[in-house]
Amino acid sequence: MTTEQRRSLLAFQDYIRKTLDPTYILSYMAPWFREEEVQYIQAEKNNKGPMEAATLFLKFLLELQEEGWFRGFLDALDHAGYSGLYEAIESWDFKKIEKLEEYRLLLKRLQPEFKTRIIPTDILSDLSECLINQECEEILQICSTKGMMAGAEKLVECLLRSDKENWPKTLKLALERERNKFSELWTVEKGIKDVETEDLEDKMETSDIQIFYQEDPECQNLSENSCPPSEVSDTNLYSPFKLRNYQLELALPAKKGKNTIICAPTGCGKTLVSVLICEHHLKKFPPGQKGKVVFFANQIPVYEQQESVFSKYFERLGYRVTGISGATAENVPVEQIVENNDIIILTPQILVNNLKKGTIPSLSVFTLMIFDECHNTSKQHPYNMIMFNYLDQKLGGSSGPLPQVIGLTASVGVGDAKDTDEALDYICKLCASLDASVIATVKDNLEELEQVVYKPQKFFRKVESRVSDKFKCIIAQLMRDTESLAKRICKDLESHSVARLEYSDIISVHCNLRLLGSSDFSASVSQVGGTTESFSQIQNREFGTQKYEQWIVTVQKACMVFQMPDKDEESRICKALFLYTSHLRKYNDALIISEHARVKDALDYLKDFFSNVRAAGFDETEQDLTQRFEEKLQELESVSRDPSNENPKLEDLRFILQEEYHLNPETITILFVKTRALVDALKNWIEGNPKLSFLKPGILTGRGKTNQNTGMTLPAQKCILDAFKVNGDHNILIATSVADEGIDIAQCNLVILYEYVGNVIKMIQTRGRGRARGSKCFLLTSNAGVIEKEQINMYKEKMMNDSILRLQTWDEAVFREKILHIQTHEKLIRDSQEKPKPVPDKENKKLLCGKCKALVCYTADIRVIEECHYTVLGDAFKECFVRRPHPKPKKFPNFDKREKIFCARQNCSHDWGIHVKYKTFEIPVIKIESFVVEDIATGVQTLYSKWKDFHFEKIPFDPAEMAN
């Protein structure tokens with residue numbers, strides 16, 4: 001066997017060299033290696049890298065003559081944490097490691113973006129199981145001594161050598177959990193959001209829980225009771241309370257049992273209205289019957305707030321209240337939670353998932369559904385997916401009762417409507433989506449509402465930009481030079497006998513392949529072309545704009561699927577393009593900062609970036625780009641110190657602040673800006689300006705991560721709000737869109753929108769931040785188009801209000817008929833777009849081992865458990881596999897994962913799946929990618945990567961068959 005083992009190690013040495021860092025297992029190989037050999041290997045790694053060290057290690061290993069060296073090598077791999085390599089060598093099956101190659105190639109080309117966007121310490125704990133312990137320690141050490149960019153580069157190096165088959169998925173999950181924008185570029189074959197739980201192996205490693213976020217990734221609602229909000233404390237929520245008359249007016253249609261959209265300003269107490277409706281609903285049921293309420297919150301902070309509010313109020317009345325979010329859903333049986341509680345607070349995707357799986361049979365289990373921020377009920381939002389289920393049940397004539405529906409919003413919006421009729425149609429569609437027959441607004445008690453929520457006076461300030469912008473001229477030239485370098489890389493392809501590849505061609509491939517959703521990762525260079533437009537023509541867009549940023553993203557996504565026969569050359573070209581576009585992105589960011597803040601802030605931003613670049617790998621391309629920047633640095637420093645380059649917009653902002661605080665020294669301000677970089681820049685500007693020494697600025701940003709900027713945690717956000725609202729530590733809050741909605745700041749009397757505008761819903765929400773008597777709202781911009789857009793929003797708000805008033809005059813029966821017509825029409829469209837289910841092939845087929853091609857079983861023997869797990873009946877199959885302890889045994893509801901199963905044929909040991917205890921049965925669970933399907937009649941063989949792609953007759957598991 002020793003000769004065979006040596007031969008096999010030689011055959012698979014390339015896989016081992018690419019994966020193993022031998023220095024991590026040398027301590028376990030002490031009985032077989034001499035001290036000088038250990039030192040040679042260590043020196044080889046230090047001088048030439050881990051791959052060369054692995055080559056030397058294998059040379060010494062294969063020269064060993066002592067008994068037991070092969071088992072010692074396997075044990076060393078196991079002890080060090082190389083579980084994937086251990087499994088591959090033990091079975092001589094490297095398919096799993098081979099499958100990782102495409103992700104390694106992808107990560108290599110994305111490396112320039114990875115190291116500028118990733119903060120390793122944020123995701124390292126999630127990735128620890130995919131790395132060697134010593135690697136994790138080294139990454140942390142590098143982050144501490146050399147900075148995050150150098151740590152990110154080390155993390156890439158470690159991932160490229162990882163032998164864990166789940167590391168691409170784990171990385172995707174970690175990025176999405178941190179809301180890091182790099183996740184848009186990092187795609188895995190089984191996308192995290194639609195991963196199929198086809199066997200328990202996948203179920204252990206992935207989650208199909210999704211939390212749907214607002215259109216702006218920074219827009220995270222904050223808990224309104226991080227300190228006691230005025231609306232809660234005024235009414236003493238946790239004991240019997242008295243609602244205001246306008247709140248009773250808003251609740252009235254819902255109390256009558258009507259499906260209702262409640263549209264009322266931010267800060268008027270819609271939460272209390274929903275509590276009143278919920279209590280009335282639960283108490284109306286006669287003895288022996290019970291209501292069941294589900295409250296949907298889009299975002300985790302709002303979910304936490306509502307769970308707290310509802311629990312504290314209703315538990316004293318004897319009702320059972322609980323919540324399930326994406327963070328907890330995997331660990332609880334959702335159907336049991338729903339069954340055992342009276343009020344359930346949910347993030348909506350959880351219900352979407354459970355309706356799809358059938359664990360929640362239908363919406364008839366609920367008697368009342370409340371949708372917070374219900375204006376989101378459109379397109380593929382989880383709210384709409386829930387209501388599709390509701391409407392299918394309603395229009396399909398189902399006998400089950402449907403729950404009452406309540407929607408809460410500050411603005412229903414009007415979409416792209418250009419007049420009142422179009423606005424009316426838009427609102428009717430929203431009502432149809434929520435099956436609402438009433439829009440409740442305050443009409444009879446407007447005076448009382450206006451005493452609680454004041455509408456601030458609106459001012460527009462158009463200011464001039466810099467007359468000349470020397471900083472932009474210098475940076476623009478650096479960007480043109482960088483673009484020229486990128487074009488030169490594209491021209492290099494001509495020398496490799498491929499068609500000339502301009503950026504425009506790459507984008508053409510991107511469009512043609514429908515990137516990132518395409519399973520055809522191996523698109524060849526022959527697909528490049530068909531575009532005559534030159535690079536210079538397609539590049540005709542302005543530096544320092546969002547459009548330029550979008551172009552960079554498009555190019556980078558296109559690079560991800562570009563392939564050449566020469567993989568090394570492909571990697572070089574793609575990596576270079578990523579480096580150039582990453583630097584272009586930074587220059588573009590700096591121009592945006594300079595446009596809206598000081599040149600000094602923009603230059604500091606670039607200096608920090610290049611400092612991090614130098615601390616990381618710093619290859620020849622980066623050295624060249626850094627040198628080009630440093631050649632201009634002295635000139636840029638001079639420009640930043642020149643008073644003639646001061647930003648006129650900042651002067652106008654200073655004037656507004658001085659004027660308002662002179663008129664009222666007790667002024668409390670929210671200053672809205674578009675990006676986090678501007679938040680920091682404006683805070684530094686305020687703190688460094690002696691004319692604004694009366695200001696005590698605080699900052700509020702979203703929780704996600706962008707580039708090397710860390711988002712604020714929820715506790716940090718709550719702390720800054722407490723300091724702003726209660727303690728008086730800050731009298732001005734500089735915020736991104738995170739503060740649009742959900743924050744109770746009743747005493748705020750000045751809102752400044754600094755180059756900040758959105759749609760009509762965003763306008764109403766930002767304006768609602770200032771509700772104190774005598775509030776003012778300034779829109780400050782150098783762009784006349786921004787003012788025009790805000791004026792259009794004001795017109796749309798009037799259209800919305802006029803349309804709602806018209807709808808409220810309609811006869812309710814006429815309105816219901818209109819809604820039903822829309823619902824029927826929309827269902828016809830949905831049904832016509834649904835793909836027909838494939839007809840299952842009832843012919844019996846063979847399953848062969850994917851490695852040795854031995855007959856395993858027939859499809860007639862396969863049974864389906866809980867719609868996604870596949871087992872095989874009969875004693876004959878039991879003789880075909882062997883069982884070994886699972887490296888990660890784990891218990892799940894109904895399942896106890898205990899062992900792995902492998903092909904029992906000599907010299908095969910192909911991984912077939914796992915062995916579990918399902919309820920009282922000990923059964924195998926197989927994965928289709930381990931087998932070849934053979935048609936008995938024709939002999940044609942087919943490979944499937946997912947069970948859902950294999951359309952055979954799927955027979956449900958029946959315990960009675962096991963007894964037989």
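Just above, that's the structure.
Since we're looking at a predicted model, the values are computed, not measured. (Residues numbered from 1 in each chain as written. Predicted model: local features only at pLDDT ≥ 70, side-chain atom pairs only at ≥ 80, totals over all residues. Heavy atoms only, no water.)

Backbone hydrogen bonds are what pair the strands of a sheet, in a parallel or an antiparallel way. Read from one edge of the open sheet, 7 strands run S3-S4-S2-S5-S6-S1-S7, paired in parallel fashion. The open sheet terminates on both sides in strands that have one partner only, identified here as strand S3 (321-324) and strand S7 (438-440). Each adjacent strand pair in this sheet contributes to an overall mean axis angle of 20°, direction not counted. Lying on the sheet, helix H16 (residues 270-283) is in contact with strand S1 (260-263), strand S2 (293-296), strand S4 (343-346), strand S5 (368-372) and strand S6 (404-409); it crosses S6 at an angle near 170°. Docked against the sheet, helix H19 (residues 348-357) engages S2, S3 and S4, running at close to 105° with respect to S4. (Pairing = 2+ DSSP bridges. Helix = DSSP H or I, 4+ residues; strand = E, 2+ residues; numbered from the N terminus. Axes fitted to C-alpha atoms, helices over the stretch in contact; angles between N-to-C directions. Contact = heavy atoms within 4.5 Å.)

Bringing the nonpolar core into the picture now. Of all hydrophobic cores here, the largest spans 54 residues; its most connected members are Phe471, Ile475, Leu653, Leu671 and Leu682. Considering every element that reaches this core, the biggest residue donor is helix H28 (residues 599-615), with 8 residues. Membership of the second largest hydrophobic core comes to 45 residues, among which are Phe296, Phe371, Ile427 and Met799. (Core = buried A, V, L, I, M, F, W, Y, C linked by side-chain atoms within 4.5 Å. Buried < 20%, exposed > 50% of the residue type's maximum accessible area, 1.4 Å probe, protein only.)

Moving on, we get to the side chain of serine 437. Structurally, serine 437 is set in the loop between helix H21 (420-433) and S7. Setting aside residues no more than four positions away along its own chain, serine 437 makes contact with Lys258, Asn259, Glu812, Phe815 and Arg816.

Let's shift gears to empty space enclosed by the protein. Scanning the entire structure with this criterion turns up 5 cavities of 30 Å³ or more. Lining the second largest cavity are Thr19, Tyr82, Cys130, Leu131, Ile132, Glu135, Cys158, Arg161, Ser162, Asp163 and Lys164. (1 Å grid on protein atoms, 1.4 Å probe; cavity = no way out; pocket = protein on both sides within 12 Å on 5 of 7 lines; lining within 4 Å. Points joined across faces, edges and corners; volume = space filled by probe spheres on them.)

With that out of the way, let us pick up unusual backbone geometry. Positive phi is not limited to glycine here, since tryptophan 92 has a value of about 50°. Of note in the backbone geometry, aspartate 435 takes a positive phi value of approximately 55° without being a glycine. The class of aspartate 435 is buried, set by a relative accessible area of 13%.

This brings us to the sheet that holds strand S22 (residues 931-935). On the basis of which strands lie adjacent, the open sheet formed by 4 strands has the order S15-S14-S22-S23 and antiparallel pairing. For this open sheet the edge positions go to strand S15 (855-858) and strand S23 (941-943), each flanked by a neighbour on one side alone. Each strand axis lies, on average, 30° off the axis of its neighbour in the sheet, ignoring direction. Bridging between S22 and S23 involves 3 bridges; their strand directions are antiparallel. Residue pairing for S23: valine 932 is matched across the bridge by leucine 943.

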